[in-house]
Amino acid sequence: MEDDTDTEAYYDQEGPIGQGVGLEDACPHDLDIEPVNEREVMNIEEEGELNNSGTTRKRGTVYCRKLTMLPPGEKLNVEFDEDGNAIGPHASLFSFFLGQQVRNKSVCPVQVKGWDECTSETLDHLWACVKEKCSFDDPEYRRESVMKHAQRLFRDARSKLKRKYFNDTRLKTKEERLKNKPSEMTKIEWKFLVDHWSDEKFKEKSKKASESRAHQKMPHYNGTKSFARLRQEIVWKCSRVDVLVASRTRKSKKAVNVLALEKNTLVVDEIKKLKEQRDQGLNDKTDEQIFQDVLGKDTHGYLRAYGPGKSITQHFKVKPLRLDLSQELIEVKKKADQLLEEARKDAENARMEAEKAKKEAEAIRNDVDKKIEQNNAIWEKKFHQLMNFIKGGTYSNDDVSGNESSS
């Protein structure tokens, strides 16, 4: 499903109910919607058709008919991965429906400053609306994951609403912003939001968030597809390197930030190069080591190229502040294991050499003992012959000489 940032309102059978449904799993660090100036945009033909007046024809209102028209008793079965993210054939439609609900004023009220101000009654009502149309393997267990997803969609809806109707550079004063009211909101609702966004504390917080957002130099090209669905499409147990390459590889001719595209291309090429070298036996780096060699170490608890659902601590089984120490310990242990293996091999070789020398010495000793035994036999025979001669017996020189020659 494509992004529809130009849709102003969503309509059901009773009329407008809120902002148009936006990006799935949208977070400030996940969105590929950073503003670019004209000099940074590639001269590429954008998607869309021209009408008779020469202007680009944009997609109109989008309806969630597949869910709203479900027969009574029939529900959409939603699957989840091990991190609690929706996957499977119905994940996109489920996210669309959930986004519709958080934008529905009858479900989530407008006059709250953030998701944390939504009451338990509001969340229970939202959960009831979701369960009415969707089924889960374990509803109570999945509720937390669904609510986190809803929170991201709620925050994205507020962000897009503020960007379009409040942050317009043509609006200079608060009074002008109050007049720039979305058609689906009442004056009281819009004034509440304008007052909230005009608050100095909120403006300072928003400024810090914008500065943090500006540090992101590698926007993904997933569109509305979540990282969980992308991982599922690649392979069930893929690494962050696989996800990074897939999400930062451009898939369409839509105009993008040239600097970001160059950065993404360089990173993807470097990763592919290291993986090819590993396949050729030129290095023994793991995917995580390749990831850190190219992009540096993960910090601040955010796990890059993974999406929502898992932190650095959960991924590496250690807190971010101790990650460097943990990796150093792993390297030390690896080197110690290598030295221990080398020492074991050296000891084994020494043992084998000692066994060989022992066998050679044993063979030499046996040969010497045999020759000594032969010589003793010869001299004993000579001694007996000599004694016989002294006693008057006969002495055979042939026997002696024969014995000597044989010795």
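Worth saying up front: this structure is predicted, and the values here are computed from it rather than measured.

Once that is clear, we can look at the confidence of the model for the protein. For the protein, mean pLDDT is 77; residues scoring 70 or higher make up 75% of the total. Element-level pLDDT for the protein is lowest in strand β1 (residues 10-12), with a mean of 35, against a maximum mean of 95 in helix α6 (residues 187-198). The low-confidence segment residues 1-51, where pLDDT is below 50, has 140 contacts with residues more than four positions distant or belonging to other chains. Note that pLDDT drops below 50 for residues 403-407; the model gives that stretch six contacts with residues more than four away or on any other chain.

Bringing helix α11 (residues 287-295) into the picture now. Of all the positions in α11, only Asp287, Ile290, Phe291 and Gln292 are classed as buried. Positive phi appears at glycine 296, one or two residues downstream of α11, with a value of about 90°.

Further remarks concern a nonpolar patch on the surface. Taken together, the side chains of Phe383, Leu386, Met387, Phe389 and Ile390 make up a nonpolar region of the molecular surface, amounting to roughly 500 Å² of accessible area. Within the secondary structure, phenylalanine 383 sits in helix α13 (residues 323-390).

A few words now on the packing of helix α3 (residues 120-133) against helix α4 (residues 139-165). Contact geometry for α3 and α4: axes closest at 11 Å, N-to-C directions at 110°. On the basis of the axis angle, α3 is roughly perpendicular to α4. When α3 is examined against α4, the residues Leu123, Asp124, Leu126, Trp127, Val130 and Lys131 are found in contact with a partner set consisting of Pro139, Glu140, Arg142, Arg143, Val146, Met147 and Ala150. When the residues that make up the contact of α3 with α4 are grouped by side-chain class, the tally is eight nonpolar, no polar and five charged.

This part is about the pattern of salt bridges. With the rule as written, the count across this model stands at 20 salt bridges. As a salt-bridge pair, lysine 191 and aspartate 195 come within 2.9 Å of each other at their nearest N and O atoms. With a gap of four residues between them, lysine 191 and aspartate 195 both fall in helix α6, about one helical turn apart. Classification of lysine 191 by relative accessible area gives partly exposed; the value is 43%. Judged by its relative accessible area of 29%, aspartate 195 is partly exposed.

The next subject is the side chain of aspartate 83. For aspartate 83, the position within the fold is in the loop between β6 (79-80) and β7 (86-87). A polar atom in the side chain of aspartate 83 sits 2.3 Å from the side chain of tyrosine 306. Setting aside chain neighbours within four positions, we find aspartate 83 in contact with Arg231, Tyr306, Gly309 and Lys310.

The next point concerns the side chain of serine 226. Tracing the backbone through its elements, the reader meets serine 226 in the loop between α7 (200-214) and α8 (227-234). Among the polar contacts listed, one links the side chain of serine 226 to the backbone nitrogen of arginine 229, at a separation of 3.2 Å.

Residue position: proline 219 is located in the loop between α7 and α8. Accessibility expressed as a relative area gives 2% for proline 219, which makes it buried. Counting along the chain gives 29 residues from proline 219 to arginine 248, while the straight-line C-alpha distance between them is 7.3 Å.

As a further point, take the nonpolar core. Phe94, Trp115, Leu126, Val130, Phe136 and Val146 are the most contacted members of the largest nonpolar core, which totals 31 residues. When residues of this core are traced back to their parent elements, those giving at least two are α2 (91-103), α3 and α4. In this structure leucine 126 touches Gln101, Val102, Val107, Cys108, Trp115, Met147 and Ala150, once residues within four positions along its chain are discounted. Counting residues in hydrophobic clusters, the runner-up holds 11 residues, among them Leu244, Val267, Ile271 and Leu274.

Parameters at a glance
- Residues numbered from 1 in each chain as written.
- Predicted model: local features only at pLDDT ≥ 70, side-chain atom pairs only at ≥ 80, totals over all residues.
- Heavy atoms only, no water.
- pLDDT = per-residue confidence, 0-100.
- Helix = DSSP H or I, 4+ residues; strand = E, 2+ residues; numbered from the N terminus.
- Contact = heavy atoms within 4.5 Å.
- Buried < 20%, exposed > 50% of the residue type's maximum accessible area, 1.4 Å probe, protein only.
- Patch = residues over 30% accessible without salt bridge, like charges linked within 9 Å, V, L, I, M, F, W, Y side chains within 5 Å.
- Areas by Shrake-Rupley, 256 points an atom, 1.4 Å probe, with all protein chains shown as cover.
- Salt bridge = Lys/Arg side-chain N within 4 Å of Asp/Glu carboxyl O.
- Axes fitted to C-alpha atoms, helices over the stretch in contact; angles between N-to-C directions.
- Parallel < 35°, antiparallel > 145°, perpendicular 65-115°, else oblique.
- Nonpolar A, V, L, I, M, F, W, Y, C, P; charged D, E, K, R; others polar.
- Polar contact = N/O pair within 3.5 Å; in protein donor to acceptor, adjacent residues only side chain to side chain.
- Core = buried A, V, L, I, M, F, W, Y, C linked by side-chain atoms within 4.5 Å.

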